[in-house]
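Now for the letters of each chain:
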Amino acid sequence: MTGNLKSVTDKTFAAEVLNSNKPVLVDFWAEWCGPCRLIAPALESLAADHGEKLSIVQLNVDENPMTAAQYGVRSIPMLNVYQDGKVVKTIVGAKPKSALTHELREFLS
């Protein structure tokens, strides 16, 4: 875990994600997932550039299986954007920063 991305857990998910007053992108990932490691720098950069508009957090699916199961995470990396306690966007798979920025544009402006 590096500087701009915060970890959430099964215990902290509701408080940090569902009850947030701004949109939150949750990166569902695991240590063994190569594509998850590939998108981490792009997520770090997005968090640094747009952290005031969109919070970006990570949830390790191996360490937090309850939340992953609750949201039907079957393939990682999976990115969900939560707003007002609901999933409003899902992105599955590793994408470059430019593609992520395009897909998340409504939350970044």
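Report on the accompanying structure. (Residues numbered from 1 in each chain as written. Predicted model: local features only at pLDDT ≥ 70, side-chain atom pairs only at ≥ 80, totals over all residues. Heavy atoms only, no water.)

### A few points about the packing of aromatic side chains
Pairs of aromatic rings are described using the distance from one ring centre to the other and the angle between the two planes. Inspection of the entire model under this criterion finds three aromatic pairs. Ring geometry for F13 against Y71: centres 5.5 Å apart, planes inclined by 45°, an arrangement best described as tilted. Within this pair, whereas F13 is found in helix α1 (residues 13-18), its partner Y71 is found in the loop between α3 (65-70) and β4 (78-83), the two being separated by 58 residues in sequence. Owing to a relative accessible area of 3%, F13 belongs among the buried residues under this scheme. An angle of 85° between the planes, with centres 5.4 Å apart, marks the rings of F13 and Y82 as edge-to-face. Of this pair, F13 sits in helix α1 while Y82 sits in strand β4, and the two are 69 residues apart along the sequence. The same class applies to F13 and to Y82, which are both buried. (Phe/Tyr/Trp six-rings, centres within 6.5 Å; stacked < 30°, edge-to-face > 60°. Helix = DSSP H or I, 4+ residues; strand = E, 2+ residues; numbered from the N terminus. Buried < 20%, exposed > 50% of the residue type's maximum accessible area, 1.4 Å probe, protein only.)

### Looking at the environment of R37
Assignment of secondary structure puts R37 in helix α2 (residues 34-50). Spatially, the C-alpha atoms of R37 and A94 are 9.0 Å apart, while their sequence positions differ by 57 residues. Apart from residues lying up to four places away in sequence, R37 is in contact with E31 and W32. (Contact = heavy atoms within 4.5 Å.)

Spatial relationships are all this shows, so hold off on functional conclusions.
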